[in-house]
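# Structure at a glance
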Amino acid sequence: MRKLVAILRGIRPDEALGIGEALVEAGFSMIEVPLNSPEPLDSIRQMAGAFGDAALIGAGTVLTPGDVDAVGQAGGRLVVSPNCDPAVIARTLERGMVSMPGVFTPSECFAAIRAGARAIKLFPASLAGTAGLKAIKAVLPADVEVYAVGGASADNFGDWFDAGAAGFGIGTALYKPGDTVDTVAASARAMVAAYDRARR
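One structure accompanies this document, and this report is about it. Being a predicted model, the structure only gives us computed values, none of them experimental. (Residues numbered from 1 in each chain as written. Predicted model: local features only at pLDDT ≥ 70, side-chain atom pairs only at ≥ 80, totals over all residues. Heavy atoms only, no water.)

## Some points on the side chain of Thr-92
You can see Thr-92 is positioned in helix H4 (residues 86-94). A residue is classified by how much of its surface remains accessible, and Thr-92, at 0% relative accessible area, is buried. If we skip the residues at most four places from it in the chain, Thr-92 touches Val-68, Val-79, Met-97, Val-98 and Ser-99. (Helix = DSSP H or I, 4+ residues; strand = E, 2+ residues; numbered from the N terminus. Buried < 20%, exposed > 50% of the residue type's maximum accessible area, 1.4 Å probe, protein only. Contact = heavy atoms within 4.5 Å.)

## Here's the deal with unusual backbone geometry
Looking along the chain, the bond that leaves Phe-123 and enters Pro-124 is cis, with omega of -10°. Mapped onto the elements, Pro-124 comes out in the loop between strand S7 (119-122) and helix H6 (125-137). Positive phi is not limited to glycine here, since Glu-39 has a value of about 45°. Looking at the secondary structure, you find Glu-39 in the loop between strand S2 (30-34) and helix H2 (40-51). A positive phi angle, near 55°, is found at Thr-61, a position not held by glycine. Here Thr-61 shows up in the loop between strand S3 (56-60) and helix H3 (65-73).

## Thoughts on the sheet that holds strand S4 (residues 78-80)
One open sheet accounts for 9 strands, arranged S5-S4-S3-S2-S1-S9-S8-S7-S6; its pairing is parallel. At either margin of the open sheet sits one strand with a lone partner, and together these are strand S5 (98-100) and strand S6 (102-103). For strand S1 (residues 4-7) and S2, the ladder comprises 3 bridges, and the chain directions are parallel. Paired with Ile-7 across the bridge in S2 is Glu-32. (Pairing = 2+ DSSP bridges.)

As structure tokens, this is what we get:
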């Protein structure tokens with residue numbers, strides 16, 4: 001499974017199925033609809049119903065346990081946050097969903113791990129850099145996956161893999177509001193090809 005999360009900030013429900021299909025066909029295994037998008041739960045509901053067997057569908061910018069419940073009720077199984085909130089992580093795990101909290105410092109990493117997260121999002125990765133990730137990975141449990149988000153791209157996947165990243169979250173390089181399905185499909189195929197090259 002390619003550990004690539006498509007971050008679809010600003011997507012509208014009427015775009016969800018077309019863009020979701022393009023991403024899944026290209027090889028993305030996870031799709032995140034940030035909750036500050038227009039009617040995000042509707043988009044999540046549509047994509048979870050159509051592609052939930054092929055990809056992990058869920059929400060980003062999840063800030064409260066109530067948000068977790070709403071995502072779960074819409075059929076989402078992935079909960080991504082920009083921060084590390086133990087209550088959000090706990091509710092996610094109680095519901096049998098996948099938690100990916102945002103972290104930046106070693107203290108936040110270990111707070112997330114103590115709360116039960118097994119995948120964490122280094123954000124913004126561009127500020128930590130590959131050297132920062134490498135230093136943090138040296139002290140983290142080996143079974144905790146770190147996803148680089150905000151600074152990882154097709155141009156530097158190999159550098160991030162070398163530093164210990166397990167996967168990546170890709171936002172505006174993949175989708176911007178107003179992009180057509182064809183545009184997103186082409187970007188997704190290029191991103192997957194770069195990921196595959198970097199993994200060899």
